[in-house]
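What the coordinates show
Residue strings, one per chain:
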Amino acid sequence: HYQKAIGAYNQSLSIAEELDDRKGMGQAYAKLGKCQVSLCKYQSAMKVLGKAKVLAPELHHQVLGEVCSSLGTCYLHTFEIEKAIRQHEQHKTIAEKMGNLHGVSVAYNNIANCYIFQGEYQKAILLQQQGAAISEQLGHTSEVRLSFGSIGAIYLSQGDLENAIKMYEHQKRMSEEADDMVQQ
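From a predicted model like this one, the values you see are computed outputs, not experimental measurements.

**Focus on helix H7 (residues 121-138)**
- End to end, H7 covers 26 Å across 18 residues, agreeing with the expected 26 Å (1.5 Å per residue, within 8%).
- Listing the buried residues of H7 in full gives Ala124, Ile125, Leu127, Gln128, Gly131, Ala132, Ile134 and Ser135.
- Just past H7, the residue Gly139 takes up positive phi, approximately 80 degrees.

Below, the structure is given as structure tokens:
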């Protein structure tokens, strides 16, 4: 499916280039980059997303936020952690300006993942908790459960079994509550 999407986005890009439609070019580059990230082709994704970012003044803020998030993911997977943090922080700033709480929550969780790579576990836990609080406020219980699982994994990696178990039990309770609601 990604290859078909890439073909369609390349076609959109060609049309936008012919029309000198900078906004259309930026959107096509952004979508091509996201496809490359999904295919784990991080180097090519960074090139395409970099082109989208050059066209940033033409892009809607949400698209620019997604470009920053995707670039952050690329940098994380290529072990350029500081660059990843900067991109995810830009995404968070854009999402905050737009009032996009879901985007803010996603950015917190992505920044937390960067700090995990750096071994800064307490920062990562704090950021995961901030992301979970926003997700809970939005009623996104599946994202809250994921945050608790991530926090549990951090505690487990530090050998803190007591707190890891607390997080996993909380995650399990939330899952059971969600299952009960579905069955009703």
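Back to the write-up after that little detour.
**Points about the pattern of salt bridges**
- Counted according to the given criterion, the structure contains six salt bridges.
- A salt bridge links Lys34 to Glu66; the nearest nitrogen and oxygen atoms lie 3.8 Å apart. Highlighted residues: Lys34 in helix H2 (residues 22-38) and Glu66 in helix H4 (residues 61-77), separated in sequence by 32 residues.
- Exposure remark for Lys34: the relative accessible area of 39% places this residue in the partly exposed category.
- With a closest N to O distance of 3.8 Å, Glu176 and Lys172 form a salt bridge.

**A closer look at the side chain of Ser147**
- By secondary structure assignment, the location of Ser147 is in helix H8 (residues 141-157).
- Its relative accessible area of 2% is what places Ser147 among the buried residues.

**Looking at the nonpolar core**
- Judged by nonpolar contacts, the single largest core of 47 residues is most densely connected at Tyr29, Leu49, Val67 and Cys74.
- Per-element tally for this core: the top contributor is H2, with seven residues.
- Beyond its immediate stretch of four places on either side in the chain, Leu49 contacts Tyr29, Ala30, Gly33, Lys34, Val37, Val67, Ser70, Leu71 and Cys74.

**Some words on the environment of Glu18**
- With respect to the helices and strands, Glu18 occurs in helix H1 (residues 2-18).
- Distance from Glu18 to Ala56, taken between C-alpha atoms, is 19 Å for residues 38 residues apart in sequence.

**Concerning the packing of aromatic side chains**
- In the structure shown here, the tally under the stated rule is one aromatic pair.
- Relative to Phe117, the ring of Phe79 has its centre 6.0 Å away and its plane inclined at 55 degrees; by these criteria the two rings are tilted. In this pair, Phe79 sits in the loop between H4 and helix H5 (81-98) while Phe117 sits in helix H6 (residues 101-117), placing the two residues 38 residues apart along the sequence.
- Among the residues examined, Phe79 registers a relative accessible area of 60% and is labelled exposed.

Each value, and the rule that gives it
As a convention, each chain's residues are numbered from 1 in the sequence order in which they are written. Where local features are concerned, this predicted model is filtered to residues with pLDDT of at least 70; where side-chain atom pairs are given and counted, the filter is 80 or more; whole-chain, interface and lining totals use all residues. Note: side-chain values were computed over all heavy atoms of the structure, leaving out hydrogens and water. The numbering of helices and of strands both runs from the N terminus, where a helix is a DSSP run of H or I of at least 4 residues and a strand a run of E of at least 2. In this analysis, the expected span of each helix is defined as 1.5 Å times one less than the number of residues it contains. The cut-offs for exposure are 20% and 50% of the maximum accessible area for each residue type, with area from a 1.4 Å probe on protein chains only; residues under the lower value are buried, those over the upper are exposed, and the others partly exposed. What counts as a salt bridge is simple: a side-chain nitrogen of Lys or Arg found within 4 Å of a carboxyl oxygen of Asp or Glu. Working definition of a nonpolar core: buried Ala, Val, Leu, Ile, Met, Phe, Trp, Tyr and Cys residues. They are joined through side-chain atoms within 4.5 Å. Any two residues whose heavy atoms approach within 4.5 Å at even a single point are treated as in contact. Under the pairing criterion, centres of Phe, Tyr and Trp rings, with the six-membered ring standing for Trp, must be within 6.5 Å; the plane angle then separates stacked pairs below 30 degrees from edge-to-face pairs above 60, leaving the rest tilted.

Bear in mind that shape data such as this cannot, by itself, settle questions of function.
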